[in-house]
Amino acid sequence: MRITVQYLAQIRRAVGCAEEILDVPDGSLADLVRHLAVKHPDAARLFLGPTGEPSRSLLFFVNDAPFDAAAKLPANAIVTILTPMAGGSSVPLSEEERATYEWQMWVPHFGEEGQRKLKAATVLVSRIGGVGGALAQQLAAAGVGKLILAHAGNVRASDLNRQTLMSHAGLGQPRLGQAARRLRELNPRLEIEEIPENISPDNARQLVAQADVVASCAPLFSERLALNAAAVALGKPLVDCAMYDFDVQILTVIPGGPCLQCLYPEPPAAWKREFPVFGAVAATAGCLGAVEVIKTLSGIGERLDRQMLLADLGSMIFRKLPRSRDPQCRVCSTSPMSD
Ligand SMILES: [Zn+2]
């Protein structure tokens, strides 16, 4: 069928033309967008999100009206694609940024395109203690554009064996301000939004909606499951980082795949708020989670989206176990399967 595609705003510059007429097989708007990503490889990062679906940072209209990406396109449709005006995903790198990130841009398949994706991205980090602080620090160093940090409370003496964004001088002071200051010292280009609250069913959805990827680093199942429910409902990838004693567990939830609630239909009853932890083990969990976030944002590597990594740092045994979707899961069973 014949389709007219109009490009507005930054997507027009990325594609290099304002309009083109295409003969494409019958299909949905999403099929057309995937076709466009192949046809214009330099603009593919703008067309597609981390899961290969039409990017949520673009606006799509068909015959001047909003249109469901999964619905079949009418013949002779005029499809208009534009980047939102309040920001956008075309983010060139400055010379200073090229110099800062040069060594990671040497990673095969990452390159400058991967760096631009990190710069354009917003990551929500639930808690910035031993796990989330290490994750946030690595994302700040890697050049993620914006971090939304959610954590309530003040620094206690018993935090300082692992919460390395904090300081002895900051005992009794709010964690968030100290963490944000340390992260800005490392990377002054980083935008930080400070949310002095822990994640709950009341705030999860509103915070997740602002993020491209969610990092779940809270020790409490109630917070992790609330974040998971919001991420699944809004179709956002989520990286869950957990640890206890010498054990680390990392997994990634992508839209359509098994979620955290599939693994934990009910919060385990025996879980305690206080637990044995070395800072080095918590930071390992955070760094492994940061790698999953970077891969998810840049589209490189293999993620833990149908597996979970279990690392026993007491014996240095790392292994992966498969995860599958629970058809009865009350969180994800109503969303479409990805396979
Ligand atoms: Zn589920």
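Since this is a predicted model, take the numbers as computed values, not measurements.

What is the right way to look at the overall build of the protein in this model?
Looking only at helices and strands, the protein has 12 helices and 13 strands in total. For 339 residues, the compact-globule estimate of 2.2 N^0.38 gives 20 Å, and the C-alpha radius of gyration of the protein, at 21 Å, lies within 12% of that figure. Expressed as lengths along the three principal axes of its C-alpha atoms, the size of the protein is roughly 65 × 50 × 35 Å. With 339 residues in all, the protein has 41% of them scored as buried. By sequence separation, contacts in the protein at least 24 residues apart represent 68% of the contacts at least 6 residues apart.

Just checking my understanding: could you explain the pairing of strand β1 (residues 2-8) for this structure?
The two faces of the sheet receive side chains in turn, since in a regular strand these alternate between them. Burial along β1 is one-sided: Ile3, Val5 and Tyr7 are buried, while Arg2, Thr4, Gln6 and Leu8, pointing the other way, are not. Inspection of the sheet shows β1 paired to strand β2 (residues 19-23) by five bridges, in the antiparallel sense. Counterpart to Arg2 in the pairing with β2 is Asp23.

Is there a simple way to explain the packing of helix α7 (residues 130-142) against helix α8 (residues 175-186) in this structure?
If you want to describe how two helices pack, look at the angle between their axes and the distance between the axes. One can describe the packing of α7 onto α8 by two numbers: an axis separation of 9 Å at closest approach and a directional angle of 30°. Taken as axis vectors, α7 and α8 run roughly parallel relative to one another. Crossing handedness for the pair α7 and α8: right-handed. Between α7 and α8, the residues in contact are Gly133, Ala136, Gln137, Ala140 and Ala141 and Ala179, Leu183 and Leu186, respectively. The class makeup of the residues in the contact of α7 with α8 is six nonpolar, two polar and no charged.

It is not clear to me how the sheet that holds strand β6 (residues 122-126) should be interpreted in this structure. Could you clarify?
Pairing between the strands of a sheet comes from backbone hydrogen bonds, and it takes one of two forms, parallel or antiparallel. One open sheet accounts for eight strands, arranged β8-β7-β6-β9-β10-β11-β12-β13; its pairing is mixed. Here the strands that pair on one side only, and so sit at the sheet edges, are β8 (191-195) and β13 (317-322). Neighbour-to-neighbour, the strand axes of this sheet turn through a mean angle of 15°, independent of strand direction. In this sheet, β13 lies alongside strand β12 (residues 307-312) in antiparallel orientation, the contact comprising six bridges. Bridge pairing in β13 places Met308 opposite Leu321. Seen against the sheet, helix α12 (residues 279-298) touches β6, β9 (213-216), β10 (238-244), β11 (247-253) and β12 and runs at an angle of roughly 165° to β10.

Would you mind showing me how to read the nonpolar core here?
Judged by nonpolar contacts, the single largest core of 69 residues is most densely connected at Val123, Val125 and Ala215. A total of nine residues in this core trace back to one element, the largest contributor, which is α12. Excluding its chain neighbours within four sequence positions, the residues that come into contact with Val125 are Gly132, Leu135, Ala136, Leu147, Ile148, Leu149, Ala150, Ala215 and Cys217.

Explanation requested: the environment of Phe60 in the structure shown.
Secondary-structure assignment places Phe60 in strand β3 (residues 59-62). In this structure, the C-alpha to C-alpha distance between Phe60 and Leu82, residues 22 residues apart in sequence, is 6.8 Å. Setting aside residues no more than four positions away along its own chain, Phe60 makes contact with Leu29, Pro54, Phe67, Ala69, Val79 and Ile81.

Is there a simple way to think about the sheet that holds strand β5 (residues 78-82) in this case?
One open sheet holds the five strands; their spatial order is β2-β1-β5-β3-β4, and the pairing between them is mixed. In this open sheet, the two strands that pair with only one neighbour each are β2 and β4 (65-66).

Sorry, what's going on with the domain arrangement of the protein here?
A common way to express how large an interface is: the accessible area buried when the components associate. According to the domain assignment, the protein contains domain 1 (2-82) and domain 2 (121-322). Relative placement of domain 1 and domain 2: their C-alpha centres are 34 Å apart.

Got a minute to help me understand the packing of α7 against α12 in this structure?
At a minimum axis separation of 7 Å, α7 and α12 run at an interaxial angle of 45°. Judged on the interaxial angle alone, α12 and α7 are oblique. By crossing handedness, the relation of α7 to α12 is classed as right-handed. Each of Gly130, Val131, Gly132, Gly133, Ala134, Leu135, Gln138, Leu139 and Ala142 in α7 lies in contact with α12, whose residues at this interface are Gly279, Ala282, Ala283, Ala285, Gly286, Cys287, Gly289, Ala290, Val293 and Ile294. Split into classes, the residues belonging to the contact of α7 with α12 amount to 12 nonpolar, seven polar and no charged.

Explain unusual backbone geometry here, please?
For residues that are not glycine, phi is negative in most cases, and the peptide bond is trans in most cases. Its identity as a non-glycine residue notwithstanding, His109 has a phi of 75°, on the positive side. Its location among the elements puts His109 in the loop between α5 (102-105) and α6 (111-120). Judged by C-beta crowding, with 10 C-beta atoms within 10 Å, His109 ranks as exposed. In this structure, Asp245 takes a positive phi of about 60° despite not being glycine. Of the residues examined, Asp245 has 13 C-beta atoms within 10 Å and is grouped as partly exposed.

Quick question: what am I supposed to make of α7 here?
In an α-helix, one turn spans 3.6 residues, which is why side chains three or four residues apart end up on the same side. For α7, spanning 13 residues, the distance from its first C-alpha to its last is 19 Å, which sits close to the expected 18 Å at 1.5 Å a residue. With 11 of 13 residues buried, α7 is to be regarded as a mostly interior element. Those residues of α7 that fall on the buried side of the exposure criterion are Gly130, Val131, Gly132, Gly133, Ala134, Leu135, Ala136, Gln137, Leu139, Ala140 and Ala142. With its phi angle positive at about 95°, Gly143 sits one or two positions after the end of α7.

Criteria and cut-off values
Residues numbered from 1 in each chain as written. Predicted model: local features only at pLDDT ≥ 70, side-chain atom pairs only at ≥ 80, totals over all residues. Helix = DSSP H or I, 4+ residues; strand = E, 2+ residues; numbered from the N terminus. Rg over C-alpha atoms; globule rule 2.2 N^0.38 Å. Buried ≥ 20, exposed ≤ 12 C-beta atoms within 10 Å, placed from the backbone. Contact = placed C-beta atoms within 7 Å. Pairing = 2+ DSSP bridges. Axes fitted to C-alpha atoms, helices over the stretch in contact; angles between N-to-C directions. Parallel < 35°, antiparallel > 145°, perpendicular 65-115°, else oblique. Left-handed = near helix turned anticlockwise from the far one by under 90°. Nonpolar A, V, L, I, M, F, W, Y, C, P; charged D, E, K, R; others polar. Core = buried A, V, L, I, M, F, W, Y, C linked by C-beta atoms within 7 Å. Domains from an automatic or database assignment. Expected span 1.5 Å × (residues − 1).

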